[in-house]
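Results of the structural survey
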Amino acid sequence: MRSVFFLSAVLAGLTACAPLSIYHQPGVSVTRLNTDRTDCEVAALRDAPVANQIRRHPPTFVPGPLVCDANGNCFRRPGYWVSGGYYTVDVNADLRGRVENICMAQRGYQPVSIPRCSEAVKRAAPPRSTQRLPQLTAASCAIRYDDGSWQIVNPVSAN
């Protein structure tokens, strides 16, 4: 149980450090973005449905041990094969992603990756989720909140 909790904590920590990857179009409401993305995800799933294939890793041969008697006569015991195991792959996953990207581009969005804000910017910004996508600048950064929402901040440098 501890390992599950630890793994969950590590994954949450990595997500908090990762940049915010979203589709972006300045001036569009986040609600509209979510609706458009859902529409495009559904269209992509319709046009490139899940197509799982079961595949197998190759087996591995383990040679038998070398056995020698007191007279120096040696022979090798028989070896054996170990199964490589099975796995499933969705062969349409990449195509589905491309179909979704095309759909979002046709609606005027482009994929962006916004770096995480520094702790200083996070403390200075009033905590509120972004409601309308702002114009991005070179200084733009993102704050993620525990409820899954996020805020895009355009810090002003004090020069």
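Before reading further, recall that the structure is shown in the block above.
Residues numbered from 1 in each chain as written. Predicted model: local features only at pLDDT ≥ 70, side-chain atom pairs only at ≥ 80, totals over all residues. Heavy atoms only, no water.

1. Examining the overall build of the protein
Within the protein one finds four helices and ten strands. Reading the helices (α) and strands (β) of the protein from amino to carboxyl end gives α-β-α-β-β-β-β-β-β-α-β-α-β-β. Across the 159 residues that make up the protein, the buried fraction comes to 23%. (Helix = DSSP H or I, 4+ residues; strand = E, 2+ residues; numbered from the N terminus. Buried < 20%, exposed > 50% of the residue type's maximum accessible area, 1.4 Å probe, protein only.)

2. Overview of the environment of Y145
Checked against the element boundaries, Y145 lands in the loop between strand 9 (141–144) and strand 10 (150–153). Once the C-alpha coordinates of Y145 and S129 are considered, the two residues, 16 residues apart in sequence, prove to be 8.1 Å apart. What Y145 contacts, discounting residues up to four positions off in sequence, is P126, P127, R128, S129, W150 and Q151. (Contact = heavy atoms within 4.5 Å.)

3. Some details on the pattern of salt bridges
Considering all chains together, one arrives at seven salt bridges under this definition. Residues D36 and R32 are paired through a salt bridge, measuring 3.0 Å at the closest nitrogen-oxygen approach. Here the residue D36 and the residue R32 both occupy positions in helix 2 (residues 30–47), the gap between them amounting to four residues, near one helical turn. For D36, a relative accessible area of 5% puts it in the buried group. The partner of R46 in a salt bridge is D47, with the nearest N and O atoms 3.3 Å apart. (Salt bridge = Lys/Arg side-chain N within 4 Å of Asp/Glu carboxyl O.)

4. Notes on helix 2
Between its first and last C-alpha, helix 2 extends 25 Å over 18 residues, near the 26 Å set by a 1.5 Å rise per residue. Of the residues making up helix 2, those classed as buried are V30, L33, D36, C40, A43 and A44. All buried residues of helix 2 lie within an arc of 145° about the axis, which places them on one face of the element. Of the exposed residues in helix 2, those oriented more than 90 degrees away from the buried face are T31, V42 and R46. Of the surrounding secondary structure, the elements contacted by the buried residues of helix 2 are strand 1 (20–24), helix 3 (93–106) and strand 10. (Expected span 1.5 Å × (residues − 1). Arc of directions from axis to C-beta.)

5. So, the state of the cysteines
Put plainly, a disulfide is one covalent bond tying together the sulfur atoms of two cysteines. By the definition in use, this model includes three disulfides. Two residues, C117 and C141, share a disulfide whose sulfurs are 2.0 Å apart. The sign of the S-S torsion, about 90°, decides the handedness of the disulfide formed by C117 and C141: right-handed. You can see C117 sitting in the loop between strand 8 (110–114) and helix 4 (119–124) and its partner C141 sitting in strand 9, a full 24 residues away along the chain. Relative accessible area serves as the criterion here: at 5%, C117 is assigned to the buried category. (Disulfide = S-S within 2.5 Å.)

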